[in-house]
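Chains, contacts and geometry: an overview
Here is how the chains run, residue by residue.
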Amino acid sequence: MPINEMRLNATVVLNNIKAHNYSIQDYSLSEYESKIVMQALERYLDDLKFEQELKVH
């Protein structure tokens, strides 16, 4: 998936989540949304790991 499409998909999901007042336990993600959230969290964790490695060296 091209980065622009990934960015658009992530933006749509984020805006959907921000537009609702609910707790996370009351919200069911669709398969489409869950894949985007998982990709975003994996990238976030990779970025945190990279930042930590830079601080160590």
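So, here's what we can say about the structure. (Residues numbered from 1 in each chain as written. Predicted model: local features only at pLDDT ≥ 70, side-chain atom pairs only at ≥ 80, totals over all residues. Heavy atoms only, no water.)

**Examining the overall build of the protein**
On a plain count of helices and strands, the protein comes out with two helices and zero strands. Within the protein, buried positions represent 7% of all 57 residues. Of the roughly 5,200 Å² that the protein leaves accessible, carbon and sulfur atoms contribute 57%. (Helix = DSSP H or I, 4+ residues; strand = E, 2+ residues; numbered from the N terminus. Buried < 20%, exposed > 50% of the residue type's maximum accessible area, 1.4 Å probe, protein only. Areas by Shrake-Rupley, 256 points an atom, 1.4 Å probe, with all protein chains shown as cover.)

**Considering the pattern of salt bridges**
Applying the stated criterion to the full structure yields one salt bridge. Glu31 is paired through a salt bridge with Lys35; the nearest N and O atoms lie 3.3 Å apart. One end of the pair is Glu31 and the other is Lys35, both in helix α2 (residues 31–56) and four residues apart, which spans about a single turn. The exposure class assigned to Glu31 is exposed, which follows from its relative accessible area of 56%. (Salt bridge = Lys/Arg side-chain N within 4 Å of Asp/Glu carboxyl O.)

**Comments concerning a negative patch on the surface**
There is a patch of like negative charges on the surface, built from Glu42, Asp46, Asp47 and Glu51. Relative to the helices and strands, Asp47 resides in helix α2. (Patch = residues over 30% accessible without salt bridge, like charges linked within 9 Å, V, L, I, M, F, W, Y side chains within 5 Å. Lys, Arg positive; Asp, Glu negative; His and termini not counted. Charge placed at Lys NZ, Arg CZ, Asp CG, Glu CD.)

**What about a nonpolar patch on the surface?**
Residues Tyr44, Leu45 and Leu48 make up a contiguous nonpolar surface patch of about 310 Å² in total accessible area. Here Leu45 lies in helix α2. Of the residues examined, Leu45 reaches a relative accessible area of 54% and is grouped as exposed.

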